[in-house]
Amino acid sequence: MLKCGMSGSQVKVFGKAIQALSRISDELWLDPSEKGLALRSVNSCRSAYGYVLFSPVFFQHYQWSTSVKVNENDSTTSNLNCKLGMKSILPIFRCLSSLERNVEKCKIFTRSDQCKVVIQFFCRHGIRRTHNVCFQESQPLQVIFEKNMCSNTLIIQPRVLAEAVVLFTSSQEEVTLAVTPLSVCLKSSSDEPMDLTNSVYSEMFVGPDEFDFFQIGVDTEITFCFKELKGMLTFSEATHAPIAIHFDFPGKPMALSIDDMLLEANFILATLADEPSRASSPQSQCLSQKQKRSDLMCSTNNNSKTGKNVTSKAPGCILRKAAPKRLYPNETQTDIPTLENCGSPIMKRVNGDISAVPESSVSNTEEVPGSSHLRKFSCMFFGAVSSDQQEHFDHPFDSLAIASDSEEDMNNGSSSTF
Amino acid sequence: MKFRAKIVDAACLNHFTRVSAMIAKLAKTCTLRISPQKLNFILSDKVANGGVSMWCELEQENFFSEFQMEGVSAENNAIYLELTSENLSRALKTAQNARALKIKLTNKHFPCLTVSIELLSVSSSSRIVTHDIPVKVIPRRLWKDLQEPTVPDSDVSIYLPVLKTMKSIVEKMKNISNYLIIEANLNGELNLKIETELVCVTTHFKDLGNPPLASEDASQDRDPEQMAEVHIDIRKLLQFLAGQQVNPTKAVCNIVTNKIVHFDLLHEDVSLQYFIPAFS
């Protein structure tokens, strides 16, 4: 059961977080815990994950109590498991500047008996606005990403990043961040040869001294989705906190994060995996983004069905090497029937039925292109999937995809869970 | 073919950015003509443009501290490039606090106008921003269509009222009719008229003043009260007015009855001519 309250200016930050997460996905998990209230979202092709944790001190008051279910063997503490549609919650936090002016207090609480989140605004002139938002019960997804283990870390003021971002048009899908110990360059990236003759190519070089923290361990160029970067940027401008960018080599996910006393935000984005045979010229033949993403999903799922190694389909894909740090739905076990749906969150209806929701991108195209110039996004999440609550009763918070792999990793690695 | 130019003065850069923004509003695609003394933004009167044509001219030495160009050949010392106006405008807008801006014609797998900006930043190091704007080089055989239009002998020449006022009026009129009648006389009166089955709306502007006429004969023949009128597509007029963000230094409207309306503007040192034909 969640009960928390915040002031008008805190509502603005909270609303900005929701707006930033709406750039990633149409769904939002509300995940309260003792650590604070977490908002999570994952995009449909699993190439971007957003997580914002508001610590209890962010709120004017914060109360979280778990409902303890006692059964025969042990007691289970359960998450709220609340998934909201962005369409329901985003309009509530529209016009943030007017909310900041008019709202004196905002209360958010859940009712354990009904699947509802209640958001109440106590505004000026005695006006009280109440929103009842129904949620679906769904276990939130989590991602394991060790950002402190990345070779490259940059910390930059949001203003500098904003000045770089204006270079690109809103239709720009991807941007490339190229770093060397001497300079950082943000440039437009295009994989369609057609695009190049029509669109403007832009780049900006920023010197190391513009960063609050500059550590480049390995020269690299990573390409990621621009929309998600903009989402994180608008949020960081609201919090006035610097953004940390953690990344490694192409193919390995990158993290954009904000770490503040009051909140912690992490956007984990997939980066384009580099093919070793691919020339660095932007005009090499490549497939369109969406097809690549769905292809990757398919190939991983195809592999899972046949038990083949991922690298047989994606030679340049770095995923396998970094596997111990990331859980992958298709690694070893092919006998678990839910494996092919591992990437999807399992939604539990209130009446206890369990139905697996297959990812639309998975079912889409079955073809895996044979072109050697294929660039694929590496997908690094998957979810907190449990076909049976009992399996995970001793890991109430760290619900991870593959039972055996995950438990070993959890015990061994120092990886952090968001 | 070579072209390189540099702007270091902030005021020149802002002015050039404004000109480019205006062109972007007037024409989606236009021709940039580079010659030793001038730069021109040209829209030729093709059917595709609806018969509208534009000729914008600026003296390069009013803007650029350095300017070097080499045309196609010695006799044809000009470069004609076709580009998407908005691309140039957007690139220039990112040069807000630039220390220097360089434009040059490059060939990066295909011809580009490369805009390279050195930005001032809070810290000691400066930021370098580069934009490669794809362009198409227009071959010499097509140059004849892109020459300076001849100014027609107009029946009436009149100074325009404040363009912002004109624009808000035309905007409202657009909701009622697609066609507008613009008429003026030598007595400083200009009318904007729309006529539909149900309603006629006319806005009258008075005391606008008329520029001195070129030939004395014409002024004696014509009755100062007599209106010269042209029926034009209201959207074309609106597009022209929308491009004028700043009120020009000088604005003249020349009307050739039932043929064409010619707007002759001067924004500080940049001249803009815009022709809207009568709709047939």
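Under an unreviewed UniProt entry, the name given to chain B is Checkpoint protein, and the source organism is Ursus maritimus. We quote the UniProt Subunit (unreviewed entry) comment for chain B here in full: "Component of the toroidal 9-1-1 (RAD9-RAD1-HUS1) complex, composed of RAD9A, RAD1 and HUS1. The 9-1-1 complex associates with LIG1, POLB, FEN1, RAD17, HDAC1, RPA1 and RPA2. The 9-1-1 complex associates with the RAD17-RFC complex. HUS1 interacts with POLB, HDAC1, FEN1, PCNA and RAD9B. HUS1 does not interact with RAD17. Interacts with DNAJC7."

The name an unreviewed UniProt entry gives chain A is Cell cycle checkpoint control protein, with Ursus maritimus as the organism. In its Sequence similarities (unreviewed entry) section, UniProt records this for chain A: "Belongs to the rad9 family." For the record of chain A, the UniProt heading Subunit (unreviewed entry) holds the text "Interacts with HUS1, HUS1B, RAD1, RAD9A and RAD17."

A. Structural context of the overall build of chain B. Along its length, chain B carries five helices and 18 strands. Radius of gyration (C-alpha) of chain B: 21 Å, near the 19 Å computed for a compact globule of 280 residues. Overall size of chain B, expressed as C-alpha extent along the three principal axes, is 65 × 45 × 35 Å. When each of the 280 residues of chain B is scored for burial, the buried share is 50%. Carbon and sulfur atoms provide 48% of the accessible area of chain B, an area that totals close to 13,600 Å².

B. Broad picture of the sheet that holds strand β13 (residues 152-156) of chain A. All names here are of chain A. On the basis of which strands lie adjacent, the open sheet formed by 10 strands has the order β12-β8-β2-β3-β4-β21-β20-β19-β13-β17 and antiparallel pairing. Single-partner strands in this sheet number two, and they are β12 (136-137) and β17 (213-216). Direction of pairing for β13 relative to strand β19 (residues 243-247): antiparallel, over a ladder of five bridges. What sits directly across from Leu154, in β19, is Ile245. Against the sheet, helix α6 (residues 226-239) engages β4 (48-54), β19, β20 (254-259) and β21 (263-269), with an angle of about 165° to β21.

C. Summary view of the interface of chain A and chain B. Taken together, the contact pairs 21 residues of chain A with 20 residues of chain B. Summing both partners gives a buried area of about 1,700 Å² for chain A against chain B, and 51% of it is carried by carbon and sulfur. Contact with chain B buries area across many residues of chain A, yet Val200, Asp209 and Glu210 of chain A alone supply 27% of it, more than any other trio. Remark: the boundary between chain A and chain B carries two salt bridges. The salt bridge involving Arg127 of chain B is made with Glu163 of chain A; its shortest N-O contact spans 2.5 Å. When contributions to the side of chain A that touches chain B are tallied by element, the ones reaching two or more residues are α4 (158-165), α5 (193-198) and β16 (201-206) of chain A.

D. Region of interest: the environment of Ala11 of chain B. By the element assignment, Ala11 of chain B lies in helix α1 (residues 10-26). Considering only alpha carbons, one finds Ala11 of chain B and Phe63 of chain B, 52 residues apart in sequence, at a separation of 8.8 Å.

E. Spotlight on the sheet that holds strand β14 (residues 200-205) of chain B. Residues and elements named next belong to chain B. Spatial ordering of the open sheet is given by β14-β13-β12-β15, a layout of four strands whose pairing is antiparallel. The two strands at the open ends of the sheet, each matched to only one other strand, are β14 and β15 (228-233). For this sheet the average axis-to-axis angle between neighbouring strands, irrespective of direction, equals 20°. Alignment of strand β13 (residues 190-195) against β14, held across six bridges, turns out to be antiparallel. Within the sheet, the bridge partner assigned to Lys193 lies in β14 and is Thr202. Sheet contacts for helix α3 (residues 163-174): β12 (179-184), β13 and β14; angle to β14, the most-contacted strand, approximately 175°. The sheet contacts of helix α5 (residues 234-242) involve β12, β13 and β15, and relative to β15 the element is tilted by about 90°.

F. Spotlight on the side chain of Thr271 of chain A. Residues and elements named next belong to chain A. Looking at the secondary structure, you find Thr271 in the loop between β21 and α7 (289-306). There is a polar contact of 2.8 Å between the side chain of Thr271 and the backbone nitrogen of Gly251. Of the polar contacts made by the side chain of Thr271, one reaches the backbone oxygen of Lys252; its length is 2.8 Å.

G. Highlighting the packing of aromatic side chains. Residues and elements named next belong to chain B. All chains considered together, the criterion is met by 17 aromatic pairs over all chains. When the centroid spacing of 5.4 Å and the interplanar angle of 70° are considered together, the rings of Phe3 and Phe67 count as edge-to-face. With Phe3 in strand β1 (residues 2-7) and Phe67 in strand β5 (residues 66-70), the pair connects residues that are 64 residues apart, well separated along the chain. The pair formed by Phe3 and Phe67 is uniform in burial state, with each residue classed as buried.

H. Layout of the environment of His204 of chain B. Residue and element names in this part refer to chain B. In this fold, His204 is placed in strand β14. Separated by 112 residues in sequence, His204 and Leu92 place their C-alpha atoms 39 Å apart. Sequence-distant contacts of His204, defined by excluding residues within four places in its chain, comprise Leu190 and Asn191. Here the side chain of His204 touches Asn191 through a polar contact of 3.0 Å, side chain to side chain.

I. Expanded view of unusual backbone geometry. Residue and element names in this part refer to chain A. Unusually for a residue other than glycine, Arg46 sits at a positive phi of about 60°. Inspection of the secondary structure puts Arg46 in the loop between β3 (36-42) and β4. Notably, His125 is not glycine yet its phi reads approximately 65°, a positive angle. Of note, His125 is situated in the loop between β10 (116-123) and β11 (128-134).

Thresholds applied
Residues numbered from 1 in each chain as written. Chains lettered and ligands numbered in written order. Predicted model: local features only at pLDDT ≥ 70, side-chain atom pairs only at ≥ 80, totals over all residues. Heavy atoms only, no water. UniProt positions renumbered as here; feature names shortened; annotations may be inferred. Helix = DSSP H or I, 4+ residues; strand = E, 2+ residues; numbered from the N terminus. Rg over C-alpha atoms; globule rule 2.2 N^0.38 Å. Buried < 20%, exposed > 50% of the residue type's maximum accessible area, 1.4 Å probe, protein only. Areas by Shrake-Rupley, 256 points an atom, 1.4 Å probe, with all protein chains shown as cover. Pairing = 2+ DSSP bridges. Contact = heavy atoms within 4.5 Å. Axes fitted to C-alpha atoms, helices over the stretch in contact; angles between N-to-C directions. Buried area = accessible area lost by both parts, 1.4 Å probe. Salt bridge = Lys/Arg side-chain N within 4 Å of Asp/Glu carboxyl O. Polar contact = N/O pair within 3.5 Å; in protein donor to acceptor, adjacent residues only side chain to side chain. Phe/Tyr/Trp six-rings, centres within 6.5 Å; stacked < 30°, edge-to-face > 60°.

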